[in-house]
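Descriptive analysis of the structure
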Amino acid sequence: MAIATPVAERTRHFSSSARALLINGEFEQASSGKTFDTVNPASGEVLASIAEGDAQDIDRAVRAARRAFEDGPWSRMTPSERGRIMHRIGDLIMEHADELAELDCLDNGKPLTIARAADIPLAADLFWYMAGWATKLNGGTINPSVPYMPGAEFHAYSLREPVGVVGQIIPWNFPLLMAAWKLGPALATGCTVVLKPAEQTPLSAVRLGELMLEAGLPNGVVNIVTGYGETAGAALAAHPGVDKIAFTGSTEVGKLIAKAATGNLKKVSLELGGKSPNIIFSDADIPAAIAGAAMGIFFNQGEVCSAGTRLYVQQDRFDEVVEGVAKAAKAVKVGPGMNADTEMGPLVSREQFERVTGYLAKGEQAGNRALAGGHAIDGPGYFVEPTVLVDTKPDDVVVREEIFGPVIVALPFSDVDDLARQANDSEYGLAAGVWTKDISKAHKLAKRLKAGTVWVNTYNVYSAELPFGGFKQSGWGREMGEEVLSNYLETKSVIVQL
Ligand code: ADP
Ligand code: MG
């Protein structure tokens, strides 16, 4: 499959950009002078060569972030001034929405139409929403009772202060949006940042760096080091000058981050994997539930940590529903993301393509039957068919492990108790979907599901206002909403004896 649409001028600019590291407000080469290639997954061809930052560059970036935090204009700005810069960042994202959508489409593979309709506006909105928090981070007054100081009077209050220099490591599935999720709360709280984008998709983060400077963000407040996880990422997670590390990615690497953070006991927040159940009761609006199940897994090629990967259908409607989802899978228009009619693009990389097709092979060996798909699509490009697997058993690898591709496994259930047990039988707990017209059943089940997000009669609804994150091995802490701010704040008690 070839790319139908010509590549934007802006993307060509990046193809010669070895000066991708943003350190103290300047775009620089890596200290080593090395670059690495980022590939267009729709063609397998090299898209751009980007500076390959390593531990030395991370160290330079951390020092710049420290200076900006301790001395720079950033720490002396009023919350209102910080909020206005953040608003301008959101505005500039929307002014450059077409270009940013194209960068994410080319780098990640996702459909351009979806990047333009979802990723980019969500990223802008995250900055606008968090800009409002900058002026609303107040502590409180407290009346202490101190039994061993009878008669003493106090005036006590709490302050909420930025945690300091923050390291942020993000994945490749929503390149710009994941940068926004991370940067928004860090900037609202007054922290300074070293951001490491995923090596598969560094382009839009670098462009965002340019836009943030244009918006008036002072030098050193956000530093961006492109490079590999094992080198640049690991150096950031272990760096003693970093006060807090925020990570989104695989559970496997999340555990490495948590270990690396023990050196200086930096604060850690983790948004990790999932194996989310999407649950359809017999009394659901079945056509809507079928469409929701298909969207829940095929959106963004299934490369979504909260993808609805385990489809549980009440026994008496099982055949009807899975046939419906299989029909929807066969109708998905797969192609290069740049094509206007593409609904699902290629997987992000050869590695990811091999991971997903490896799971398809394991499923076949275990006797799983593909009602739709089940195979790779002939290249070039890393395309895999939208796949619906049945005849699975609860302990099959494809039922237990995160595939991170367009593969759904379907299992039947008898009643609510059977369902709740099966749905919660996972080491993950990121999200869940429930389809029923019985509102009491939906709310009762929402309480029983061990998941950070429960969607009822819908799926994949995200908003800057809604906290997002996981139970169990899906992570520590929450992204977005008011709740994420606590990841970036220290609380200080001040006690004055009167
Ligand atoms: P995937 O395997 O699907 O690419 P990862 O969890 O490996 O997902 O990647 C998510 C992010 O974590 C990327 O930015 C990647 O560079 C980074 N990363 C990978 N390995 C490490 C590591 N050992 N230490 C720190 N960051 C890492
Ligand atoms: Mg990895």
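This is a predicted model, so every value here is computed, not measured.

The next subject is unusual backbone geometry. When glycine is set aside, most residues are seen to have a negative phi, and most peptide bonds are trans. In this structure, P380 follows G379 across a cis peptide bond, with omega equal to 10 degrees. Its location among the elements puts P380 in the loop between β14 (369-372) and β15 (387-390). With a phi angle near 55 degrees, N300 is a residue other than glycine that sits in the positive phi range. By secondary structure assignment, the location of N300 is in the loop between α11 (286-298) and β13 (308-314). Overall, N300 belongs to the buried group, its relative accessible area being 1%. Its identity as a non-glycine residue notwithstanding, N457 has a phi of 55 degrees, on the positive side. The topology assignment puts N457 in the loop between β19 (453-456) and β20 (471-472). In this structure N457 comes out as partly exposed when scored by relative accessible area, which is 41%.

So, on to the layout of surface pockets. Empty space left among the atoms is revealed by rolling a probe the size of a water molecule over them. By volume, the largest pocket amounts to about 1000 Å³. Breaking the lining of the largest pocket down by element, the ones donating at least two residues are α9 (229-238), β10 (244-248), α10 (251-260) and α13 (350-365). Split by residue class, the lining of the largest pocket holds 17 nonpolar, 11 polar and 11 charged. Of the residues that make up the lining of the largest pocket, three or more belong to each of domain 1 (9-272 + 475-495) and domain 2 (277-463).

Across the interface, helix α4 (residues 79-95) lies against helix α7 (residues 175-188) with an axial gap of 10 Å and an inter-helix angle of 165 degrees. When the interaxial angle is binned, α4 and α7 end up roughly antiparallel. Handedness of the crossing formed by α4 with α7: left-handed. Across from R82, M86, I89 and I93 in α4, the residues of α7 making contact are L176, G184, L187 and A188. When grouped by side-chain class, the residues that make up the contact of α4 with α7 number six nonpolar, one polar and one charged.

This part covers the UniProt feature "active site" (unreviewed entry) in the protein chain. Here, the residues flagged by UniProt with the feature "active site" (unreviewed entry) are E271. With respect to the helices, strands and loops of the structure, E271 is situated in strand β11 (residues 267-271). Beyond its immediate chain neighbours, meaning those up to four positions away, E271 contacts W181, F247, T248, G249, C305, L430, F468, S474 and E479.

Where α11 contacts helix α12 (residues 318-331), the two axes come as close as 9 Å, and the packing angle between them is 50 degrees. Relative to α12, the element α11 is oriented oblique. Both α11 and α12 take part in a crossing whose hand is right-handed. Taking contact as the criterion, the partners of I286, I290, A293, A294 and F298 in α11 are, on α12, E320, V321, G324, V325, A328 and A329.

Criteria and thresholds
Residues numbered from 1 in each chain as written. Chains lettered and ligands numbered in written order. Predicted model: local features only at pLDDT ≥ 70, side-chain atom pairs only at ≥ 80, totals over all residues. Heavy atoms only, no water. Helix = DSSP H or I, 4+ residues; strand = E, 2+ residues; numbered from the N terminus. Buried < 20%, exposed > 50% of the residue type's maximum accessible area, 1.4 Å probe, protein only. 1 Å grid on protein atoms, 1.4 Å probe; cavity = no way out; pocket = protein on both sides within 12 Å on 5 of 7 lines; lining within 4 Å. Points joined across faces, edges and corners; volume = space filled by probe spheres on them. Nonpolar A, V, L, I, M, F, W, Y, C, P; charged D, E, K, R; others polar. Domains from an automatic or database assignment. Axes fitted to C-alpha atoms, helices over the stretch in contact; angles between N-to-C directions. Parallel < 35°, antiparallel > 145°, perpendicular 65-115°, else oblique. Left-handed = near helix turned anticlockwise from the far one by under 90°. Contact = heavy atoms within 4.5 Å. UniProt positions renumbered as here; feature names shortened; annotations may be inferred.

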